[in-house]
Amino acid sequence: MTAPRVYQTEAIIIKRIKLGEADRILTLYTPELGKIKAVAKGTRRPKSKLGGHVELLTHSLLMLARGRNLDIITQAQTIDNFLPLKDDLERIYRGLYISELVDSFTAEHIENRRLFDLLLNSLHQLSQAQNGELVLRYFELRLLDYIGYRPQLQRCANCSSPLQPATNFFSSSQGGILCHECAYQEPIARPLSLNALKVLRLWQDCDYATASRVKTNRELSSELEQVMREYIKYLLERQLKSTAWLDKLKQESHQPM
Amino acid sequence: MNTNFMPVAEPIAKLIEEFNKLPGIGPKSAQRLTYYLLQVPAEKAEALAEAITAVKEKLSLCSICFNITDSDPCVICRDEERDHTKICVVEEPIDILPLERTKKYKGLYHVLHGVIAPSDGIGPEELKFKELLSRLNDGLVTEVILATNPNLEGEATAMYLQRLIAPLGIRITRLARGLPYGGDLEYADDVTLSRALEGRQEM
Ligand SMILES: [Zn+2]
Ligand SMILES: [Zn+2]
């Protein structure tokens, strides 16, 4: 069976780069095709019919035509543009951060429906939620789960022995919690408070509504951020570029996180 | 393009490779341009080489507004007739041209040389933000017009600039965002339409 010449898909625009005079190459995350790249012609001209329908962080219905290298977007209609997200500086950059995460952890043409739903839902959450940091942590944890890096939080990731209800250790290289015994053999494992472990365990298997009921203070929220950041850095073998900017924004604004 | 294994003289391979690096020039066009230059008279090829050297040697950035210029300060910053109380902030030097063509704006400019793009590692330090703020500190400027592009990165950069400039008590305006002239309402997306509604005016 030959693939049809034109096809339709929902997509979330997660990245764009300029191409030539007025075109763009878009990176799209779709429910059935996973990550794909496509060309949006003329979108940098004011009169482009695609225009705002293919703007970053927009959920759109697209019509594409197969091209020799990249497919070409022929029509676009916005499903949701997350307007409340786009009117707020912190929300915009949180949205771009989760887009960078998806882009960094996925290869093209691998379907991952749960990841698409998570991304879509998270953009909705970021548009409304009071606690944007919590949405980011929940997103990171679930993303890692859906792409095969679900951290082991129930037993020691090394010897499988049950964990003591106390401060344990998180090891990025073992992908989970280590008991005291095993942590001695791995000096780079970082201490993880019992509270942080409880929150991560809960988030690993609950929905947003439940997750957002967790009350975090500044200390706990910063601990969760650090442990997830280290694990992500270990898996990608690099720091995500957006994190430096998110840190700077957080430092400058005086809102409690 | 890898020209290492091509059975051509080294200088030819080198020129093809250089052309291939230019925007919009693929391997085929790079070869065509190279072989074209091989058969033109020497003066013609030298004129091209000189023109390329000249743009690099004689053009630099204005030390005030960071527009591309052959004199420092640039003609716009030097012009006493222009309104030195207004600064229009744009992303790239090329954005000044369409604004000048309107002949409606007589103030000065400030070129940021990009927008904040966290996933490319571009923040305010990589752009001319500090330089803009120091221009605003002399008390002469009364209005800053934010003319970054009306897309997500342009809007976010404008919002961030607004946050930085607001404490200085200077009037901050943003180019009206609305429907493109000659465009159809039918094709407008909701963001454009809702911004156009917000910015509606008495007739
Ligand atoms: Zn153990
Ligand atoms: Zn100048």
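Predicted, not measured: the structure shown is a model, and the values here were computed from it.

(A) Representation of the overall build of chain A in the model. Counting its secondary structure elements, chain A contains 9 helices and 8 strands. Its C-alpha atoms give chain A a radius of gyration of 20 Å, near enough to 18 Å, the size a compact globule of 257 residues would have. Expressed along its principal axes, the backbone C-alpha trace of chain A runs to roughly 60 × 50 × 30 Å. Taking all 257 residues of chain A together, the buried fraction comes to 54%. For chain A, the share of sequence-separated contacts (at least 6 apart) that also reach a separation of at least 24 residues comes to 60%. Accessible area of chain A: about 12,500 Å², with a carbon and sulfur share of 48%. Here chain A holds 35 positive side-chain charges and 29 negative ones, and the gap between their average locations is 5 Å.

(B) Representation of the overall build of chain B. When its secondary structure is counted, chain B shows 8 helices and 6 strands. Along chain B, helices and strands appear, N-terminal first, in the series α-α-α-β-β-α-β-α-β-α-β-α-β-α. What you see for chain B is a C-alpha radius of gyration of 22 Å, clearly larger than the 17 Å of a compact globule of 203 residues, by over 25%. With 203 residues in all, chain B has 36% of them scored as buried. Counting contacts in chain B only where the partners sit at least 6 residues apart, residues at least 24 apart contribute 46% of the total. Of the accessible surface of chain B, which amounts to about 12,700 Å², a share of 57% is contributed by carbon and sulfur atoms. Looking at charge distribution, chain B has the averaged site of its 23 positive side-chain charges lying 2 Å from that of its 31 negative ones.

(C) Representation of the coordination of the zinc ion (ligand 2) in the model. All names here are of chain B. Donor atoms from the polypeptide that bind the zinc ion (ligand 2) are Cys62 (SG), Cys65 (SG), Cys74 (SG) and Cys77 (SG), placed at 2.3 Å. Angles of 104 to 115° at the metal separate the 4 donor atoms of the zinc ion (ligand 2), which places the site in the tetrahedral class. Written as a sequence motif, the donor arrangement for the zinc ion (ligand 2) is C-x2-C-x8-C-x2-C. Highlighted residues: cysteine 62 in the loop between strand S1 (60–61) and strand S2 (68–69) and cysteine 74 in the loop between S2 and helix H4 (75–78), separated in sequence by 12 residues. Assigned by exposure class, cysteine 62 and cysteine 74 land together as buried.

(D) Main features of the packing of aromatic side chains. One pass over the structure, following the stated rule, counts 7 aromatic pairs over all chains. Geometrically, the ring pair formed by Phe170(A) and Tyr231(A) is edge-to-face, given 5.3 Å between the ring centres and 75° between the ring planes. Taken together, the positions of Phe170(A) in strand S6 (residues 168–171) and Tyr231(A) in helix H8 (residues 218–236) put the pair 61 residues apart, joining distant regions of the chain. Take Phe170(A): its relative accessible area is 4%, and that puts it in the buried class. For Tyr231(A), a relative accessible area of 3% puts it in the buried group. Here a set of aromatic residues connected by ring pairs shows up, and it is made of Tyr93(A), Trp245(A), Phe129(B) and Tyr160(B).

(E) Region of interest: the domain arrangement of chain B. Here chain B is described as being made up of domain 1 (10–57) and domain 2 (61–202). With centres defined by C-alpha atoms, the gap from domain 1 of chain B to domain 2 of chain B works out at 36 Å.

(F) The arrangement of the coordination of the zinc ion (ligand 1) in detail. Residue and element names in this part refer to chain A. All of the protein donors around the zinc ion (ligand 1) are Cys156 (SG), Cys159 (SG), Cys179 (SG) and Cys182 (SG); their distances to the metal are 2.2 to 2.4 Å. If you look at the zinc ion (ligand 1), its 4 donor atoms make angles of 103 to 114° with each other, and the shape they trace is tetrahedral. For the zinc ion (ligand 1), all donor residues lie on one chain, and their spacing in sequence is C-x2-C-x19-C-x2-C. Here cysteine 156 is found in the loop between helix H4 (132–146) and S6, whereas its partner cysteine 182 is found in helix H5 (residues 180–185), with 26 residues between them in sequence. Pair check on accessibility: cysteine 156 and cysteine 182 agree, each one buried.

(G) Structural context of the side chain of Thr157(B). With respect to the helices and strands, Thr157(B) occurs in helix H7 (residues 152–165). A polar contact of 3.1 Å, which involves the side chain of Thr157(B), links it to the backbone nitrogen of Ile116(B). A distance of 2.7 Å separates a polar atom in the side chain of Thr157(B) from the backbone oxygen of Glu153(B). Not counting chain neighbours up to four residues away, the residues in contact with Thr157(B) comprise Tyr93(A), Leu112(B), Val115(B), Ile116(B), Phe129(B) and Thr148(B).

(H) Region of the structure containing the interface of chain B and chain A. Between chain B and chain A, the residue contacts involve 27 residues of the former and 29 residues of the latter. Where chain B abuts chain A, roughly 2,400 Å² becomes buried across the two surfaces, and 61% of that area is made up of carbon and sulfur atoms. Summed over the shared surface of chain B and chain A, the result is 3 salt bridges. Glu90(A) is paired through a salt bridge with Arg163(B); the nearest N and O atoms lie 2.9 Å apart. In this assembly, chain B and chain A are joined by 6 residue pairs in polar contact (both at pLDDT 80 or more). Listed by contribution, the elements that provide at least two residues to the side of chain B that touches chain A are H7 and helix H8 (190–198) of chain B.

(I) Geometry of helix H3 (residues 113–128) of chain A. When the terminal C-alpha atoms of H3(A) are compared, their 23 Å separation across 16 residues agrees well with the 22 Å that a helix rising 1.5 Å per residue should span. Leu115(A), Phe116(A), Leu118(A), Leu119(A), Leu120(A), Ser122(A), Leu123(A), Leu126(A) and Ser127(A) are the residues of H3(A) that are buried.

Analysis parameters
Residues numbered from 1 in each chain as written. Chains lettered and ligands numbered in written order. Predicted model: local features only at pLDDT ≥ 70, side-chain atom pairs only at ≥ 80, totals over all residues. Heavy atoms only, no water. Helix = DSSP H or I, 4+ residues; strand = E, 2+ residues; numbered from the N terminus. Rg over C-alpha atoms; globule rule 2.2 N^0.38 Å. Buried < 20%, exposed > 50% of the residue type's maximum accessible area, 1.4 Å probe, protein only. Contact = heavy atoms within 4.5 Å. Areas by Shrake-Rupley, 256 points an atom, 1.4 Å probe, with all protein chains shown as cover. Lys, Arg positive; Asp, Glu negative; His and termini not counted. Charge placed at Lys NZ, Arg CZ, Asp CG, Glu CD. Donors = N, O, S within 2.8 Å, 3.2 Å for Na, K, Ca; no water. Tetrahedral: all angles 85-135°; square planar, octahedral: opposite > 155°, others 65-115°. Phe/Tyr/Trp six-rings, centres within 6.5 Å; stacked < 30°, edge-to-face > 60°. Domains from an automatic or database assignment. Polar contact = N/O pair within 3.5 Å; in protein donor to acceptor, adjacent residues only side chain to side chain. Buried area = accessible area lost by both parts, 1.4 Å probe. Salt bridge = Lys/Arg side-chain N within 4 Å of Asp/Glu carboxyl O. Expected span 1.5 Å × (residues − 1).

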